[in-house]
Each structure stands twice: as structure tokens, then as C-alpha cells.
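What follows is each chain in one-letter form.
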Amino acid sequence: MKNLMNLLSPANSTTRARAFVVGAGVTGILFGVGLVLSGMTKPDKVIGFLDMFGGAWDPSLGLVMVGAIAVHAVLFRVILRRKSPLLDAKFHVPTRTDIDPRLVAGAALFGIGWGLGGVCPGPGLIGATSLASTLLLFVGGLVAGMALFQATNKA
Amino acid sequence: MNWTAFTPTTALVGGALIGLAVSLFFVLTGRVAGISGIVGGLLSPKPGDFAWRLAFVAGLLVVGVVAALVAPEMVTASATRGPVAMAVAGVVVGYGTRLGNGCTSGHGVCGISRLSIRSLVATGTFMATGILTVTIVRLAFGGAL
């Protein structure tokens, strides 16, 4: 822990930047394993979860959220007792509390796309490595949709 | 209910791993591990804010390649959704997650874990429109599109 804290000193900024990148990569792997194990990378299972009123509801993926939130709700609070994260000077926790039309419209659109394809962003990227044409089309659309947003909305 | 498809153990364990992943990311970087936000940032790169995003996405892609080899049944394409539906779904998800500042990970896991009111509203909204969309596709197109 002491060594990790030393990473915050300016002399170690290169080391810290490298650790940041490695940490993000490890997070991606761990996150990905969780997504695959959970069943989130099976579009038909996602559709079976969202199809609550079809008479053959598969509630499994609700438990993914339960498991993830149970772990993170506790660890988030434990981690926040620290003055700062290990590899940055301060925490970057979103602070907005306003419910604006963009939030609701964006979430509504996301849900429509999620129900249409059975794929959310992480599982889309994971699934696209199989080079299945429908998943490549999803990821192509995903990038295009994000680019369209950035082209039409000033940051 | 479809009890033969019910997989509570892997869903809970997989979910717990996702919770661990976002917690690891939070203790290291102090940031929310929202996948749509991380990917979106790659499209408007800022100095010093690019490599870690790429590393995160590379981690996901590595898992995809390995999973296709060791557990191909866990990473599948939809049997019922065709190319046009998937391309449209991608565009809508891409635009919507940027407009609404998050997806299942940023709002659904990270935001709800800290009881963010914005994330609670966003998650309720995308669950509702997701359920509605799947129901409409089933009723209007027999579930195949």
C-alpha cells in the first residue's frame, strides 16, 4: 500500500500513468469475464429477460444486477473513505442530481436499442470478436451512433 | 416463467465479478467504469486520456477471443434478430447512451450502487423501453426482426 501511495508523487507520474493503463486493461478483462459468465453476451437470453410478458420469462439477468450492485454498493462506500484513489489525486464521482430531458430521452433510446438487438455496449464489443456479421453491424452502428451524437452536440 | 433457461448461479457470480471490476477501477482511478462513456471518449481523444480507454476495450476484446475458444456457447449472435435490426440497434444504443450519459454499467451498476437519482431514473427508463420494445417485436413480428 505504501508503494502504491508513492506512485502519486510527481517523480513517479510516468509509472502512475502506466499503472493507470494496466489497471484499466485488467478491469476490462475482469468486467468481460463477468459479462460472459453472467449470460449478458447471449442476445437471446437478454431478449428472454426483457420479454417479461411473453409467458416464458427468464429472470436470470436481473440477478446479474443484484450481484454487481451488492458487491459495488459495499466496496464503493469502503473505497470512498480514502482521501483519494490509488492512481489519481481525487475521486471523479458524478454529482449531478437533475433529471433533464436528455437523460430520459437518452435512456429511452438506449432501452429501445437494447430490446431491438439484445446487446448492450460491453457485450457487443466482446461478441464482435467472433466476427459474427450481426454483432459487427451492431458495433459499427454503436460507433456511428456515438459519432453522430458528438458531431451534433457540442461538448 | 422459463425455469429451464434460469441460470441464477452464473448470473449472480458473473454479476459479482462485474461489481468487483468496477470497484477495482474505482479504487485505482476514482472513476465510474461506464462502458459507453469509456468507448465514447475514444472518439474524441484528449491528451493523456486515450491509452487507458483503449486498454479497457482491449481487455474486453481479449475476453471475447478467449471465450469464443473455451466457451463459444456463452458468446453467441441472436438467432432471431437480423442484420438490419442489429445495425439500427447499434446506432440507437450509441446515440442514446451518449445523450443519456450511460448504459447498463454506468447507470445500472455504478450509479444505482451509490443511489444516484439520475441513474435510478435512467435505469428505470431503459428497462421500461427495453421491455416495451421486446414485447412489440414479439407481438408485431413474432419475435424475429
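Quantities reported herein were computed from a predicted structural model and do not represent experimental measurements. (Residues numbered from 1 in each chain as written. Chains lettered and ligands numbered in written order. Predicted model: local features only at pLDDT ≥ 70, side-chain atom pairs only at ≥ 80, totals over all residues.)

Novice: Mind showing me how you'd approach the overall build of chain B here?
Specialist: A count of helical and extended segments in chain B gives 6 helices and 0 strands. The helix and strand sequence of chain B, counted from the amino end, reads α-α-α-α-α-α. Dimensions of chain B along its principal axes, counting C-alpha atoms only, are 50 × 35 × 30 Å. Every one of the 145 residues in chain B was classed for burial, and the buried ones make up 57%. Across chain B, the fraction of contacts at a sequence separation of at least 24, relative to all contacts at a separation of at least 6, is 47%. (Helix = DSSP H or I, 4+ residues; strand = E, 2+ residues; numbered from the N terminus. Buried ≥ 20, exposed ≤ 12 C-beta atoms within 10 Å, placed from the backbone. Contact = placed C-beta atoms within 7 Å.)

Novice: It is not clear to me how the interface of chain B and chain A should be interpreted in this structure. Could you clarify?
Specialist: Many structure descriptions define interface size as the accessible area lost when the parts assemble. Contact residues are listed per partner, giving 104 residues for chain B and 108 residues for chain A. Contributing elements (two or more residues each) for the side of chain B that touches chain A: helix 1 (8-29), helix 2 (35-43), helix 3 (51-70), helix 4 (83-99), helix 5 (104-113) and helix 6 (117-141) of chain B. Here the side of chain B that touches chain A gets 21 residues from one element, more than from any other, and that element is helix 1 of chain B.

Novice: What should I look at first to understand the nonpolar core in this one?
Specialist: The tendency in soluble globular proteins is for nonpolar side chains to be buried side by side. Within the largest apolar cluster, 86 residues are counted, with the highest numbers of intra-cluster contacts made by V36 and F138 of chain A together with I18, A21, A89 and V92 of chain B. Two domains each donate at least three residues to this core, and these are domain 1 (1-93) and domain 2 (99-155) of chain A. Ignoring sequence-local partners within four residues, the contact set of A21 of chain B consists of T27, L30, F31 and G34 of chain A together with A33 of chain B. (Core = buried A, V, L, I, M, F, W, Y, C linked by C-beta atoms within 7 Å. Domains from an automatic or database assignment.)

Novice: What exactly am I supposed to notice about unusual backbone geometry here?
Specialist: The general pattern is negative phi for most residues beyond glycine and trans for most peptide bonds. Residues and elements named next belong to chain B. In the Ramachandran plot, N101 falls in the positive-phi region, its phi being about 60° despite a non-glycine side chain. Examined against the element boundaries, N101 turns out to sit in the loop between helix 4 and helix 5. Non-glycine residue L115 carries a positive phi angle of around 60°. If you trace the backbone, L115 turns up in the loop between helix 5 and helix 6.

Novice: Quick question: what am I supposed to make of helix 5 (residues 101-117) of chain A here?
Specialist: Helical periodicity: at 3.6 residues per turn, an α-helix aligns residues three or four positions apart in one direction. All names here are of chain A. An ideal rise of 1.5 Å per residue puts 24 Å on 17 residues; helix 5 measures up with 24 Å between its terminal C-alpha atoms. For helix 5, a buried count of 13 out of 17 residues is recorded, marking the element as mostly surrounded by other parts of the structure. Positive phi shows up at G118, right after helix 5, with a value of about 75°. (Expected span 1.5 Å × (residues − 1).)

Novice: Honestly, the domain arrangement of chain A in this entry has me stumped. Any pointers?
Specialist: Residues and elements named next belong to chain A. Annotation of chain A at the domain level lists domain 1 (1-93) and domain 2 (99-155). Relative to domain 2, the C-alpha centre of domain 1 lies at a distance of 20 Å. Of all elements in the fold, only helix 2 (13-38) and helix 3 (43-50) reach the threshold of two or more residues within the side of domain 1 that touches domain 2. Here the side of domain 1 that touches domain 2 gets 5 residues from one element, more than from any other, and that element is helix 3.

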